[in-house]
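# Descriptive analysis of the structure
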Amino acid sequence: MTARASTPDRGPGPRPGREPARQRVLRAARQALRVLAVELGTPTEPGTPLLGSVRSPWLRRLPYVVAFGFAVSLLPTTINVLGNDYGLEGGLVGALATAQSVPLLLAVTRPLQAWWVIFAADVLGAVALIGADGVAGRAWPWPPMEIVGYLALMLALSLRERRRTLTAVWLTTGVAGLLSQVFTPDGSNNTWVLMFVLTGVVLMMGATLRERGDAQRKLIEQETISEAERARRTLLEERTRIARELHDVVAHHMSVITVQAASAPYRISGLPGEAEEEFGAIAATARESLAEMRRLLGVLRSEEAEQQGGPEKTPQPGIGMLPKLVEGTVRAGVPVELALPEEPVALEPAVDLSAYRIVQEALANVVRHAPGAPTRVSVTVAADGARLTVLIVNSAPSAPSAPLETTGTGHGLIGMRERVRLVDGSLDTGPLPDGGFRVAARLPLSPPPSQASPLSTTKDAHSV
């Protein structure tokens, strides 16, 4: 008895520290109403026309034409039905018909604001029809013309607003129809379920179409960005490749300068001490420059080159190796004619390498895209001896054959342009009327004055 008496009394009241269920329900309801008000009061991109981002001007005008057609057709129809069939008074009929149809024009740019006006007008119309004489045996609370206009508004709304807003509109429409059951006139045909179902279907279809369009637009934007990045990466790869090749050319000259400067005191007798120190400084500077170039080249070299054992040791090619290149192309099945200058031409290493690479890229493109096409390669020197012209022309293949590649990486033409730009030359490429292709490069035999070396400038100044 004593133990039982000491047990605390657990009555039906709420436990300490726990919120009553009624308060939790009320708080959840208030939060839901707050979210609903925010969604229904925050339009997306207000003032922006529907289909305003499409390119076709006809499609941009289409929403205005459709909205105008609905408004013009529904306004007299609503006046006629509410006045003649339902028996409402003339002034009230005009106000309700205008509020239920004219805001469809606003739906093109501000569909959520138009929904507020039309939804309020539909609810007021349903209230006005409760005591009408002709409501018996007819649709209520939403007459047929109101359903048509409301569905047109739902389509415009679904093409603009986000899913949460569309859900809020749909639930608000359903709640309004459900509450109307309390005031249903006798003998009327209730249409709130039909309105609720059709509204949900239209909103879902419109939202699906909008999201699909957004996904396609983002995909196109991503493809455009990817294409630009691909072109930029191709350009950087070609520039890196050219830099690696020109390193060998420049390294050769720097090595010659180092050897000549270091051996000058031994080859030339009677040099003053100041001259020996100057030659030593020149040799040291050349060695430092060569070491710095090799360090930079290690950054530019690709992983494939490093895996193959480091830098390439073979000399860089020039136009003197074009016969061997043409011979290999002929063995690949492409008939090629080669025409070189009769007299040997003294070319700068960069120009010599660029001319060879341009011919190499052009012949590779012929093999890939026009196998079997007769091709002519000619290297000529201008009459004034200032420029070298490299011309590669191929005609259409005599026998139809499928190209080895239908889509290229773009390295060929980009590499040609970069090599021509490097030596301050010009490049002309393009298709021919007979189905062939033409590549014409004009390269200077000597580098431009801006690219002349400081040593040669100093030597010329001393000679003057």
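Heads up: the structure comes first, above all this text.
Residues numbered from 1 in each chain as written. Predicted model: local features only at pLDDT ≥ 70, side-chain atom pairs only at ≥ 80, totals over all residues. Heavy atoms only, no water.

## Describing the pairing of strand S6 (residues 426–431)
In the sheet, S6 pairs with strand S7 (residues 437–444) via 6 bridges, with the strands oriented antiparallel. Bridged to Pro431 within S7 is Phe437. Between S6 and S7, which pair antiparallel in sequence order, lie 5 residues; one of them, Gly435, sits at a positive phi of approximately 100°. (Pairing = 2+ DSSP bridges. Helix = DSSP H or I, 4+ residues; strand = E, 2+ residues; numbered from the N terminus.)

## Regarding the pattern of salt bridges
Counting across every chain of the model gives 9 salt bridges. A salt bridge links Arg210 to Asp214, with the nearest nitrogen and oxygen atoms 3.8 Å apart. Of the two residues, Arg210 and Asp214 are both situated in helix H8 (residues 192–267); the distance of 4 residues between them amounts to about one turn of the helix. Given the relative accessible area of 23%, Asp214 is considered partly exposed. (Salt bridge = Lys/Arg side-chain N within 4 Å of Asp/Glu carboxyl O. Buried < 20%, exposed > 50% of the residue type's maximum accessible area, 1.4 Å probe, protein only.)

## Notes on helix H4 (residues 90–101)
Taking 1.5 Å per residue, 12 residues should reach 16 Å; H4 reaches 16 Å between its end C-alpha atoms and fits that length. Against helix H3 (57–85), helix H5 (111–128) and helix H6 (144–158) lie the buried residues of H4. (Expected span 1.5 Å × (residues − 1). Contact = heavy atoms within 4.5 Å.)

## Quick word on the environment of Val117
Counting through the fold element by element, Val117 comes out in helix H5. Looking at Val117, the relative accessible area reads 39%, which means it is partly exposed. For the pair formed by Val117 and Gln100, sequence separation is 17 residues and the distance between their alpha carbons is 7.6 Å. If sequence neighbours within four positions are ignored, Val117 has contacts with Ala99 and Pro103.

## Here's the deal with empty space enclosed by the protein
Empty space left among the atoms is revealed by rolling a probe the size of a water molecule over them. All chains considered together, the criterion is met by 1 cavity of 30 Å³ or more. In this model, the largest cavity occupies a volume close to 60 Å³. If you trace the largest cavity, you find it lined by Leu74, Thr78, Gln100, Ser101, Ile118, Asp122, Met145, Glu146, Gly149 and Tyr150. Looking at the lining of the largest cavity, the elements that each hand over two or more residues are H3, H4, H5 and H6. Sort the elements by how many residues they give to the lining of the largest cavity and H6 lands first, with 4 residues. In the lining of the largest cavity, the residues fall into 4 nonpolar, 4 polar and 2 charged. (1 Å grid on protein atoms, 1.4 Å probe; cavity = no way out; pocket = protein on both sides within 12 Å on 5 of 7 lines; lining within 4 Å. Points joined across faces, edges and corners; volume = space filled by probe spheres on them. Nonpolar A, V, L, I, M, F, W, Y, C, P; charged D, E, K, R; others polar.)

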